[in-house]
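So you can see what is in the structure, the chains are spelled out below.
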Amino acid sequence: MPELPEVEIVKRSLQKSVYLRKILKVKVNNRNLRYKVDKNFEKKLKGKKILNISRKAKYITISLDNYTFFCIHLGMSGTLHIVKNKFENKKTNLSFYHSPVLGKKHNHLIFYFKDFKIIYNDPRRFGFIKIFENKRTFNNYFSRNGCEPLSKNLNLEYLKKKLNLSKKNIKNVLLDQKIISGIGNIYASEILFHSKIRPNRLVNSLNQKEISNIIISTKFILNKAIRKGGSSIRDFKNSDGNTGSFQNEFKVYNKEKENCPNSSCKNKIKKLNISNRSTFYCNICQK
DNA sequence: CCGTTAACCTGAGAGC
DNA sequence: TGCTCTCAGGTTAACG
């Protein structure tokens, strides 16, 4: 579900509440996430202080005061909720899943702090939590990721090299986390509309200018989405009122048969199925 | 090696 | 109302 901008927003909110705070206790209600939660997870986190909260691609990463690390991936439907002890009913939802009602039965993990707790809820259980014993295993795990799209590492030289000899289409390349890590299905369509390139274009047909435009659009769209607080689809509103608003800025995603947002274009948005993912584009504005 | 497909899950919404 | 079907923001093992 959440792509880079949403994970970034969740990370920022988390940071405000848990930075330098001690985890009093962890309760695991269901270990069967995408991967089984480490059987000693509770023991390893108990009493540890949180030294840093960060984001790598779509992962939230947390470092503890005993040189261990863990990461949270929200999958398609994972959400985090901050619940203050004094206001049990007033949850702060730090996520973007579309359902306004999240059954308690999907509260798989609970992190207890002095005056609040953080709940990990995930109906589909595509998310996961992984613990690392040291910095080396932590870094090693993330070394398989491609570059961060908002870093200087995503540049013309890097992408040209990655696209060289590839036989894939550009949509699949944008979704390939080993090339660029953090873009998901919504932003891939939005980025390609912004760069005026059709999603099914084979990358070996792209010229240097087009590759450059894709890089510019990637950074532009992701940064704008972060500024807007991420995307919350299907009218999801969190109880804190901090709903993201980038869904109002979608130009093509989920807009099949609607008018192309380019006012001089009278075309309707088309929907394509690429590798079993819905893809939206304008076949006049995008070449 | 490469690129594609199937699989992992639950729940919402559409159509009948 | 309820049944069936499709779809959903992700990742990756298995396959050809």
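Just so it is clear, the structure is predicted and the values come from calculations on it, not from any experiment.

Side note on the side chain of Ser17
Here comes step 1: As for its placement among the helices and strands, Ser17 is situated in helix α1 (residues 4-18).
Here comes step 2: Residue classification places Ser17 among the buried positions, given a relative accessible area of 18%.
Here comes step 3: Residues in contact with Ser17, not counting those within four places in the same chain, are Ile82 and Phe116.

Considering the domain arrangement of chain A
Here comes step 1: For chain A, the domain assignment lists domain 1 (4-142) and domain 2 (156-281).
Here comes step 2: On a C-alpha basis, the centres of domain 1 and domain 2 stand 28 Å from each other.

Some details on the pattern of salt bridges
Here comes step 1: Throughout the structure, instances matching the rule amount to 13 salt bridges.
Here comes step 2: Across the pair Lys11 and Glu8 runs a salt bridge, and its minimum N-O distance is 3.3 Å. Residue Lys11 and its partner Glu8 are both found in helix α1; the two are separated by three residues, about one turn of the helix. In this structure, Lys11 and Glu8 share a single accessibility class: buried.
Here comes step 3: Glu8 is the partner of Arg55 in a salt bridge, and the nearest nitrogen-oxygen pair spans 2.7 Å. Here the residue Arg55 occupies a position in strand β2 (residues 50-56), and Glu8 occupies one in helix α1, the gap between them amounting to 47 residues.
Here comes step 4: With relative accessibility at 7%, the residue Glu8 sits in the buried group.

Focus: helix α3 (residues 135-142)
Here comes step 1: The set of residues buried in α3 consists of Phe138, Tyr141 and Phe142. Projected down its long axis, α3 carries its buried residues within an arc of 90 degrees, all on one side. Projecting away from the buried face of α3 at angles above 90 degrees are the exposed residues Arg136 and Asn140.
Here comes step 2: Among the structural elements, β2, β3 (59-64), β4 (69-73) and β9 (128-132) are those in contact with the buried residues of α3.
Here comes step 3: N-cap assignment for α3: the residue whose side-chain oxygen lies 3.0 Å from the backbone N of Arg136 is Asn134.

Conventions and cut-offs
- Residues numbered from 1 in each chain as written.
- Chains lettered and ligands numbered in written order.
- Predicted model: local features only at pLDDT ≥ 70, side-chain atom pairs only at ≥ 80, totals over all residues.
- Heavy atoms only, no water.
- Helix = DSSP H or I, 4+ residues; strand = E, 2+ residues; numbered from the N terminus.
- Buried < 20%, exposed > 50% of the residue type's maximum accessible area, 1.4 Å probe, protein only.
- Contact = heavy atoms within 4.5 Å.
- Domains from an automatic or database assignment.
- Salt bridge = Lys/Arg side-chain N within 4 Å of Asp/Glu carboxyl O.
- Arc of directions from axis to C-beta.
- Polar contact = N/O pair within 3.5 Å; in protein donor to acceptor, adjacent residues only side chain to side chain.

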